[in-house]
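Given next are the chains, with one letter for each unit.
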Amino acid sequence: MQKLQILADSAKYDVSCSSSGSNRQANGRMGNAHAAGICHSWAADGRCISLLKVLFTNRCVYNCEYCVNKRTNDFPRASFEPDELARLTVEFYRRNYIEGLFLSSAVEVSPDYTAERILECLELLRYKYGFSGYIHAKIIPGVSPEILHRIGLVADRLSVNIEMPTSKSLEAFAPQKKPKQIFAPMRQITNTLIETNSLKGPGTMFKGQQLNSSENYLSGGASTGHAVTAGRAGLPAVPGRGTFAAAGQTTQMIIGAGGETDESILTTSENLYRTFKMKRVYYSAYIPVVNSPILPDKKTAPPLAREHRIYQADWLLRFYGFSVSELFARGDGNLDPDLDPKVTWALRNLDKFPVEVNTASYEELMRIPGIGHKSAMRIIRQRRFAAVRYDELKKMGVVLKRARYFILCCGRYYGNRKFEPETIRNSMLQMESGLQMSMFDSGGNLLAYDSSWQKIEEGERREKLSLAGVI
Amino acid sequence: MRDYLYDGSFEGILTCIYHHYYTDRAAGIYRREDYQPSLLHGYMEVETEEDKATRVYEAIENKISTYSLRSIYRAYLSCDPDKENKILRYVLLGFQKGHQLGSLHGNPAVHDMDVLNKKVGFEQERMLEFVRFEVLDAKAGQQVLYAEIEPDNDVLELAAHHFAERFRHDPLVIRDAGRNKAIVAYEGHWYVTPLGERLAGGGVVTPDGTVMELSQDEIDYQHLWQTYFDNIAIKERINPRCQRNFMPVRYWKHLTEMNRS
Ligand code: SF4
């Protein structure tokens, strides 16, 4: 019991508890991975608990500056036995406490030593216990391609954490992790996904494009040639499973530890999306857990509001067809803390507005603040039968308090203010201040959810869920 | 024009709709035991009739859509006190508009149906999240997963498929304690049944009198889960309001991690 306490404690600073994107049918003896990603419970901090999120071990030989588990930090250490963790996962799963396992680990002895034990645990889980719930395995930088491949065969999702947005800050904060060791496994995962015809890409960014083709195959420098062949050499597939990390690849970046701007963080994400076609980049507001001369001190509040805006912008990249350069054009490299990045973009590009909802294309609709995929589709469907009227927009899920400034409906403008950036910005700020109140409690903590939940449109609901780490 | 009173079954509502077209226009449809007589019009007690219900059922499916039929059924499962009349308005509109009904989201009758469906769907999802099984020992080394729920809407059977699929090889029972019915599932199949009682020590007596006790390590796993649950929260971010928003207090009674006895 104490072991679980220690190893859960060490793992909790991870943001992601995603289990979306995989729809595993029950082919083992127990389980199926539900596509929507189920949260089973919410911890006292309001974050969703979907997966049993633990470290395999927290005995680390590395010394990353920002990490509680770093070698020089003096606190209780423990490691699981492979069968022990497999059994625990199964027993939690059948009681419907969890959707699956999110297994991360410190580096005990060496990357390969640890990865082998993790592999043993996951194989026991799949083959001895017949578990077909969700498994997200974190890959330790520097692991050998053979072990990575076998872990991929039993896991639904793999992630290699990039941790820092630039190689300079990686060098400063995690000196034992080399960019090469991070990118080699990322590349291998993408290539294997292409080989197994299962690379899906982030959101709708590559919609309509064939991703699983040889042009997307990533070739590396001489040092990583090895990694590329690992997938292609067709290592014997584990009997009974043909899939390799069907829910794709993700990564995670820490926000607010180094001095990067939002623009440089999101540029890195955009590159990761474009190059590795990974499903998601997760962001984690840095919580000062260790004393360090080069990190924010322990009293610094985690930059949650900033994390929130970055998630919103990331969402715009993956689902709304925006690019980082568009979002930051005519700005200072940081997102406006007071307004949604889509609103900020619209205000800077007022020449493109107002847009008539009855004639705009899907892409144009998607760029209007307050309109998301679902409401855009509803507008398009309904206007085939009859023109959409202003008073119907709300029922279609359009958030009018935002959209009204940017649309025409049947030729009429409903913004009732002067059509210029400052005026709109001010009236939106007044209105948003009410919203902010409900999103942050008195201590400035993000609520991520308020009682108007069911009234918010889907896109926003998803944003909030993703914020809570649900998807 | 009159009010129709029905017995609470889905077929009952459909029979009332049949009478709307073939007997007399319906002013409203009400559950017999909740009815407050109206001053404006008389009422009629409707006997549920299988063949009349089937005709309406098929008409909805063929003339409107399977999608709409499904929304109607799910609206019926909701706990909304006015659901029968919302269904009635929706069906009447549907017979005029045909298959486009589902996309007329701006229409108030369609909107009402969307809202009910959303509520039911939301709670259905919640049940997938919040059901907590306990492992009971049945006879001959067989184990049974047992859970109790008390949802606002009647979503028990909507949750059944998910669990029946997920735990194909563990027989399981989920009991709706408020409505006193249960589903029993095994090997992917499930059925609805009235179900026995809960014993003080956590055991369960089935209708045929068999007693199933909590398995030996059940309490240990519950404690492990509680430990995990307590530890996973980041204390810098403690936020009970947010937690309650996601996990309303009325569900706590059946949540292992929130209900510590
Ligand atoms: S390798 Fe991982 S566990 Fe070890 S110090 Fe670095 S971040 Fe922490």
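For the structure, check the block above.
Reference entry: report on the structure contained in this document. (Residues numbered from 1 in each chain as written. Chains lettered and ligands numbered in written order. Predicted model: local features only at pLDDT ≥ 70, side-chain atom pairs only at ≥ 80, totals over all residues. Heavy atoms only, no water.)

## Re the state of the cysteines
All names here are of chain A. Applicable threshold: For the purposes of this analysis, a disulfide is any pair of cysteine sulfur atoms at a distance within 2.5 Å. Each residue's exposure class comes from its accessible area (1.4 Å probe, protein chains only) as a fraction of the maximum for that residue type: buried when under 20%, exposed when over 50%, partly exposed otherwise.
Evaluated as defined, the whole model comprises 1 disulfide over all chains. Free of any disulfide, Cys 121 has its nearest neighbouring cysteine sulfur in Cys 60, separated by 18 Å. Assessed through its relative accessible area of 0%, Cys 121 is described here as buried.

## Concerning the packing of helix α8 (residues 262-276) of chain A against helix α9 (residues 304-319) of chain A
Residue and element names in this part refer to chain A. Rule in force here: A fitted line through C-alpha atoms represents every axis, and for helices the fit uses only the stretch in contact; the resulting angles, taken between N-to-C directions, go from 0 to 180 degrees. Only DSSP runs of H or I reaching four residues or more are called helices, and only runs of E reaching two or more are called strands; each is numbered from the N terminus. Left-handed describes a crossing whose near helix is turned anticlockwise from the far helix by less than a right angle; the clockwise case is right-handed. The contact definition used throughout considers only heavy atoms, calling two residues in contact when any of these lie within 4.5 Å. Polar here means any residue outside two lists: the nonpolar Ala, Val, Leu, Ile, Met, Phe, Trp, Tyr, Cys and Pro, and the charged Asp, Glu, Lys and Arg; Gly therefore counts as polar.
Interaxial distance between α8 and α9 falls to 11 Å at its minimum, and their mutual angle equals 35°. Taken as a pair, α8 and α9 cross one another with a handedness that is right-handed. Two secondary-structure elements touch here, α8 through Asp 262, Ile 265, Leu 266, Ser 269, Glu 270 and Tyr 273 and α9 through Arg 306, Ile 310, Ala 313, Asp 314, Leu 317 and Arg 318. Per-class residue counts for the contact of α8 with α9 are 6 nonpolar, 1 polar and 5 charged.

## A closer look at a negative patch on the surface
Basically, it comes down to this: A residue counts toward a patch only above 30% relative accessible area and without a salt bridge, and it is joined to like-charged neighbours within 9 Å or, for Val, Leu, Ile, Met, Phe, Trp and Tyr, to nonpolar neighbours within 5 Å. Accessible areas in this description were obtained via Shrake-Rupley with a 1.4 Å probe; residue shielding takes into account the shown protein chains only. Salt bridge, as used here: a side-chain nitrogen of Lys or Arg that lies within 4 Å of a carboxyl oxygen of Asp or Glu. In this charge count, Lys and Arg are treated as positive and Asp and Glu as negative; neither His nor the chain ends contribute. By convention, charge coordinates are those of NZ in Lys, CZ in Arg, CG in Asp, or CD in Glu.
Together, B:Asp7, B:Glu11, B:Glu47, B:Glu50 and B:Asp51 give the surface a local cluster of negative charge. Mapped onto the elements of the fold, B:Asp51 is located in helix α2 (residues 50-64).

## What to know about the sheet that holds strand β1 (residues 2-6) of chain B
Strand pairing within a sheet occurs via backbone hydrogen bonds; the two strands may be parallel or antiparallel. Residue and element names in this part refer to chain B. Applicable threshold: In this scheme, strands are said to pair when DSSP sees at least two bridges between them.
Strand order in the open sheet formed by 3 strands is β2-β1-β3, with parallel pairing between adjacent strands. The open sheet has two edge strands with one neighbour each: β2 (26-31) and β3 (43-45). On average, adjacent strands in this sheet sit at an angle of 25° to one another, irrespective of strand direction. Here 5 bridges tie β1 to β2, and the two strands are oriented parallel to one another. Looking at the pairing, Leu 5 lines up with Tyr 30 of β2. Sitting on the sheet, helix α1 (residues 10-22) touches β1, β2 and β3, and the angle it makes with β1 is about 155°. Here helix α4 (residues 83-97) sits on the sheet and contacts β1 and β2; the angle it forms with β2, its principal contact strand, is near 140°.

## Focus on the sheet that holds strand β3 (residues 51-55) of chain A
All names here are of chain A. Taken in spatial order, the 6 strands make up an open sheet running β3-β4-β5-β6-β7-β8, and their pairing is parallel. Of all strands in the sheet, those bounded by a partner on one side alone are β3 and β8 (280-285). Across the sheet, the mean angle from the axis of one strand to that of its neighbour is 20°, orientation sign disregarded. The sheet contact formed by strand β6 (residues 157-159) and strand β7 (residues 249-255) spans 2 bridges and is parallel. Across the sheet, the residue bridging to Leu 158 is Gln 249, located in β7.

## Points about the interface of chain B and chain A
Accessible area lost upon the coming together of the parts is a frequently used measure of interface size. Test applied: Buried area: the sum, over both parts, of the accessible surface (1.4 Å probe) that disappears when the two are put together. What qualifies as a polar contact is a pair of N or O atoms within 3.5 Å, subject to a donor-acceptor requirement within protein and to the restriction that residues adjacent in sequence count only when both atoms come from side chains.
Taken residue by residue, the interface counts 55 residues in chain B and 63 residues in chain A. Surface buried jointly by chain B and chain A totals about 5700 Å² across both partners, of which 58% is contributed by carbon and sulfur atoms. Of all residues in chain B, the largest losses of buried area upon contact with chain A belong to B:Arg166, B:Arg237 and B:Phe246, amounting jointly to 16% of the total for that side. Among the salt bridges present, the one from B:Glu218 reaches A:Arg95, with a minimum N-O distance of 2.9 Å. There are 17 residue pairs in polar contact (both at pLDDT 80 or more) connecting chain B and chain A. At the level of elements, α5 (108-130), β5 (143-149), α6 (156-166), α7 (218-232) and α8 (240-246) of chain B are the ones that each hand at least two residues to the side of chain B that touches chain A. Top element by residues in the side of chain B that touches chain A is α7(B). It accounts for 11 residues. Along the lines of polarity and charge, the residues of the side of chain B that touches chain A split into 22 nonpolar, 17 polar and 16 charged.

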